[in-house]
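The primary structure of each chain is shown beneath.
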Amino acid sequence: MKNILLPIISAIIAVALLGACKTNEANYRAAYEQAKDKNTDTGDSLSTQGLRDFNRPKAMVIGGDTLMVRTERVVVSKDAGVAEAALKKYCVVVAQFRQIFNARSMCQRLIDGGYPGAFVVNNREGQYYVVASATDSSSEAAAMIRDITADKSVVLREPYPYVLRPGQLVR
């Protein structure tokens, strides 16, 4: 008799415990309120906002000039028409694309528009940056940013232009 009662009582206890774990409207409401509190002005969660901010250029004072700077490991794209030596300490970026075709097209428009030093670099994530000019001097980079911002033939969107510092060249 004891052998039969033990499995039956165990089954009744298990069913009672499983029934107590059901989600209810109060649980959903609490989770919703918690997620709503974590949203920002843009509708992103705090973690998404942190990732978005990580990819934005930061203001840095370099050599007496305040520049919007982002540091990332990049390489000159294949078929860019320039040698790896064109990559300098300060690269003035005017656009970013996911497709190489679009980046090359923008680069060619820059070259035709009077920026002969323009070329394309890319990172490991497959993003292509159009560089209008590269230099080893922060003051030259600041001057290039002022010039390209004043040039109405170049269409710029926020946060461009900014200085990209190739991670392999930063020491």
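Attention shifts here to the pairing of strand S7 (residues 162–166). The buried fraction of S7 is high, at five of five residues. Every second residue of S7 is oriented toward a common face, with Tyr162, Leu164 and Pro166 on one face and Val163 and Arg165 on the other, all of them buried. Alignment of strand S2 (residues 65–72) against S7, held across four bridges, turns out to be parallel. Among the inter-strand pairings, Arg70 is bridged to a residue of S7, identified as Leu164. Sheet topology places strand S4 (residues 90–97) next to S7; three bridges connect them, and they run antiparallel. The residue of S7 that forms the bridge with Val92 is Val163.

The next thing to look at is the layout of surface pockets. Considered as a void within the structure, the largest pocket measures approximately 270 Å³ in volume. In terms of lining residues, the largest pocket is bounded by 15 residues, among which Val94, Ala95, Met106, Arg109 and Val155 are the most central. Of all elements in the fold, only S4 and helix H4 (100–112) reach the threshold of two or more residues within the lining of the largest pocket. Per-element accounting of the lining of the largest pocket gives the leading share, four residues, to S4. Partitioned by chemical class, the residues of the lining of the largest pocket number ten nonpolar, three polar and two charged.

Burial analysis of strand S6 (residues 128–135) places seven of its eight residues in the buried class, the great majority of the element. The pairing of S4 with S6 spans seven bridges and is classified as antiparallel. Looking at S6, one finds that Val92 is bridged to Ser133. Note that strand S5 (residues 119–122) and S6 share four bridges and pair antiparallel. Within the sheet, the bridge partner assigned to Val121 lies in S6 and is Tyr129.

What counts, and at which threshold
Residues numbered from 1 in each chain as written. Predicted model: local features only at pLDDT ≥ 70, side-chain atom pairs only at ≥ 80, totals over all residues. Heavy atoms only, no water. Buried < 20%, exposed > 50% of the residue type's maximum accessible area, 1.4 Å probe, protein only. Helix = DSSP H or I, 4+ residues; strand = E, 2+ residues; numbered from the N terminus. Pairing = 2+ DSSP bridges. 1 Å grid on protein atoms, 1.4 Å probe; cavity = no way out; pocket = protein on both sides within 12 Å on 5 of 7 lines; lining within 4 Å. Points joined across faces, edges and corners; volume = space filled by probe spheres on them. Nonpolar A, V, L, I, M, F, W, Y, C, P; charged D, E, K, R; others polar.

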